[in-house]
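As a plain string of letters, each chain reads:
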Amino acid sequence: MTSATRRPGRPADGNSEELREQILSVATKHLSTYGYAQATVKAIAEEVGITSGAVYHYYPSKQALIEVLSVRLITDAVTRLRRAAELQPDFVGRVNAIFDELDVLHREQPELAGFTLVLTSDVARYAELRIAYESCLSLYVDLCRWLIDEAVIAGELAPDIDRPSMVDMLHATITGIISTLSRVRPEHHGAIIDSAKRLFAGNLFVTP
Amino acid sequence: MSRKRRLGRPARSDGARTRQKVLEAAQRQLSTVGYAATTLRSIAEEVGITSLYHYFPSKSELVTTLLNEAAEYTFSRIEHVAELDAPIVDKLVMLLRAEEAIFNERPELAAFSTRLLGDAMRYTELSAGLRVTRRTMNDFYARLLSENGATGLQEGVDQQGLIELFAGITHGMASLAATSTVRHSAAIDRMAELFHDTLINRQLRA
């Protein structure tokens, strides 16, 4: 057994949780780098060092795998954004805390931006991505709704504000910042986040 | 005078029309099935011709033509904003409004630009084409700020940071426009209020 090369296949029971994690992390990388079509179970299995069959043992289909990983990835990210925001006393403080946290998140998990871009651009082509996409979208939308509700209660936003367009605007700003951070060199990130914070704090432009 | 139509390459006006059809089909396919699945053959099939070779010898030439055409069209609609003698905040809001007009006029451009950006991460020949567009856009923003831009900005604002932020916001907005141009218009109203600082009630804050 010692000289034999390790057989690919289902691993011993002991490290199955670890393996499940490994599959998710390799799949995230493949999906954010190559897109949905090219992120194949075969290639993912090869990089992990197991057979495709072993991947299917944990996730019945590629679609199931992608759904699990996208919901988890975005749930983690949005939870962190929300926690950062909750420490702040007002709307501007919360939005700004989210911008700061986006910068930190991007540094720790650069694949998150690629993943977000891929999910939004591939969903139009592959119907089986719809559930993953809708789940991720609703996490962001819930975050925006919470921000807006709190601000209306506090009187920071007008009580009759058009909430759907407000949600869309905040969401577009957050995803726009994510895409910008992914294509601009890290040394400029601070300046981008600073401008975003100034925009919401009202000290970006000179207004009459 | 009733000359018989020669076989072979179509007459000039026909050629121009077919070329236009090819571009439209290509744009539609790139926006829906994506860069990899869009082939010269799939486009020829949709248009109903045997080969695209006479119009575009390669896929990259075809995509470059589309990117340039989209960029030229966009610039023709926004160029004048850079020359205006107005506060920077007004110019940026005018750009958002121009974008709104562009997507209302040609809704297919929203999906095209959003989806290609996702593809550009995977296909280098595509990202090269987009880089040119991005550089032209960067020059445009630099001109926008240089006219009288700095005067409209508060002390300590990093101009490059603002440009990149604005580019990101327009990208986020374009992807909303790809979903619904009506929602895009409404979100731009909120964005304009934010820019003009009439969105958030600051009276409450100490």
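In this convention, every chain numbers its residues from 1, walking through the sequence in written order. Each chain takes a letter, starting from A, and each ligand takes a number, starting from 1, following the order in which they are written. Under the rules for a predicted model, residues below a pLDDT of 70 receive no local features and side-chain atom pairs below 80 are neither given nor counted, while totals for whole chains, interfaces and linings still include all residues. To obtain the side-chain values, all non-hydrogen atoms of the structure were used and water was disregarded.

**Digging into the interface of chain B and chain A**
Contacts between residues were defined by any pair of non-hydrogen atoms, one from each residue, lying within 4.5 Å. The partner chain A presents 50 residues to the 50 residues of chain B that form the contact. Here the quantity called buried area is the accessible surface, traced with a 1.4 Å probe, that two parts lose on coming together, added over both. Regarding the contact of chain B and chain A, the summed buried area is about 4,100 Å², with carbon and sulfur atoms giving 62% of it. When the buried surface of chain B facing chain A is broken down by residue, Arg-122, Gln-154 and Leu-165 of chain B rank first, second and third, together holding 15% of it. A pairing counts as a salt bridge when a side-chain nitrogen of Lys or Arg comes within 4 Å of a carboxyl oxygen of Asp or Glu. Taken together, the links from chain B to chain A amount to three salt bridges. Under this definition, polar contacts are N or O atom pairs within 3.5 Å; protein pairs additionally need one hydrogen-donor-capable and one acceptor-capable atom, and for neighbouring residues in sequence, both atoms have to be side-chain atoms. Here chain B and chain A share 15 residue pairs in polar contact (both at pLDDT 80 or more) between them. Those elements giving two or more residues to the side of chain B that touches chain A turn out to be helix H1 (12-32), helix H4 (88-105), helix H5 (108-120), helix H7 (159-179) and helix H8 (181-195) of chain B. Labels follow the DSSP assignment, with helices taken as runs of H or I lasting at least four residues and strands as runs of E lasting at least two, numbered in each case from the N terminus. Ranked by residue count, the leading element in the side of chain B that touches chain A is H7 of chain B, at 11 residues.

**Quick look at the pattern of salt bridges**
Applying the stated rule across the entire model yields 26 salt bridges over all chains. A salt bridge links Arg-130 of chain A to Glu-134 of chain A; its shortest N-O distance comes to 3.0 Å. Taken together, the positions of Arg-130 of chain A and Glu-134 of chain A, both in helix H7 (residues 130-154) and four residues apart, correspond to about one turn of that helix. Taking the shortest distance from any N to any O, the salt bridge between Glu-69 of chain B and Arg-106 of chain B comes out at 3.2 Å. Note that Glu-69 of chain B is positioned in helix H3 (residues 59-83) and Arg-106 of chain B in the loop between H4 and H5, a separation of 37 residues in sequence. Overlapping salt bridges bring together Arg-80, Glu-101 and Glu-108 of chain A as one network.

**Observations regarding H8 of chain B**
With 15 residues, H8 of chain B should cover 21 Å at 1.5 Å per step; its first-to-last C-alpha distance of 20 Å lies within 8% of that length. In this scheme, a residue with accessible area under 20% of its type's maximum is buried, one over 50% is exposed, and one in between is partly exposed, where area comes from a 1.4 Å probe on protein chains only. Restricting attention to buried positions, one finds in H8 of chain B the residues His-184, Ser-185, Ala-187, Ile-188, Arg-190, Met-191, Ala-192, Leu-194 and Phe-195 of chain B. Structurally, H8 of chain B contributes buried residues whose contacts are with helix H8 (163-183) and helix H9 (189-201) of chain A together with H4 and H7 of chain B. Residue Ser-180 of chain B occupies the N-cap position of H8 of chain B, its side-chain oxygen lying 3.3 Å from the main-chain nitrogen of Val-182 of chain B. Phi for Asp-197 of chain B, located one or two positions after H8 of chain B, is positive at around 55 degrees. Here the expected length of a helix is defined as 1.5 Å per residue gap, with one fewer gap than residues.

**A few points about the packing of H3 of chain B against H4 of chain B**
All names here are of chain B. All axes are obtained by fitting lines to C-alpha atoms, using only the stretch in contact for helices, and the reported angles, taken between N-to-C directions, cover 0 to 180 degrees. At a closest axis distance of 10 Å, the pairing of H3 and H4 adopts a crossing angle of 160 degrees. Taken as axis vectors, H3 and H4 run roughly antiparallel relative to one another. The crossing of H3 and H4 is right-handed. Contact with H3, carried on its side by Tyr-73, Thr-74, Arg-77, Ile-78, Val-81 and Ala-82, involves Lys-91, Met-94, Leu-95, Ala-98, Ala-101, Ile-102 and Glu-105 of H4 and no other residues of that element. Any angle from 65 to 115 degrees is called roughly perpendicular, while one under 35 is roughly parallel, one over 145 is roughly antiparallel, and all others are oblique. Two helices cross in a left-handed way if the nearer one is turned anticlockwise from the farther one by less than a right angle. They cross in a right-handed way if the turn is clockwise.

**Here we look at the layout of surface pockets**
Residues are said to line a cavity or pocket when one of their atoms sits within 4 Å of a point; the points come from a 1 Å grid over protein atoms alone, cavities being sets where a 1.4 Å probe fits but cannot get out and pockets being open sets with protein on both sides within 12 Å along at least five of seven lines. Grid points are joined across faces, edges and corners, and a volume is the space filled by probe spheres set on the points. There is about 780 Å³ of room inside the largest pocket. In terms of lining residues, the largest pocket is bounded by 40 residues, among which Tyr-133, Leu-137 and His-171 of chain A together with Ser-175 and Thr-179 of chain B are the most central. Among the elements of the structure, helix H6 (111-122), H7 and H8 of chain A together with H5, H7 and H8 of chain B are those that each provide at least two residues to the lining of the largest pocket. Top element by residues in the lining of the largest pocket is H8 of chain A. It accounts for 11 residues. Residue composition of the lining of the largest pocket, by class: 20 nonpolar, 12 polar and eight charged. Here the second largest pocket defines a volume of roughly 630 Å³. Lining the second largest pocket are 18 residues, and of these Ser-182, Arg-183 and Val-184 of chain A together with Arg-131 and Arg-134 of chain B lie nearest its centre. If one sorts the elements of the lining of the second largest pocket by residue count, helix H6 (residues 124-148) of chain B sits on top with six residues. Nonpolar residues are Ala, Val, Leu, Ile, Met, Phe, Trp, Tyr, Cys and Pro. Charged residues are Asp, Glu, Lys and Arg, and all others, Gly as well, are polar.

**Section: the confidence of the model for chain A**
What pLDDT expresses is the predictor's confidence in each residue, scored from 0 to 100. For chain A, per-residue confidence averages 89 on the pLDDT scale, and residues scoring 70 or more make up 93% of the total. Taken element by element, chain A is modelled with least confidence in H6 of chain A, mean pLDDT 80, and with most confidence in H9 of chain A, mean pLDDT 97.

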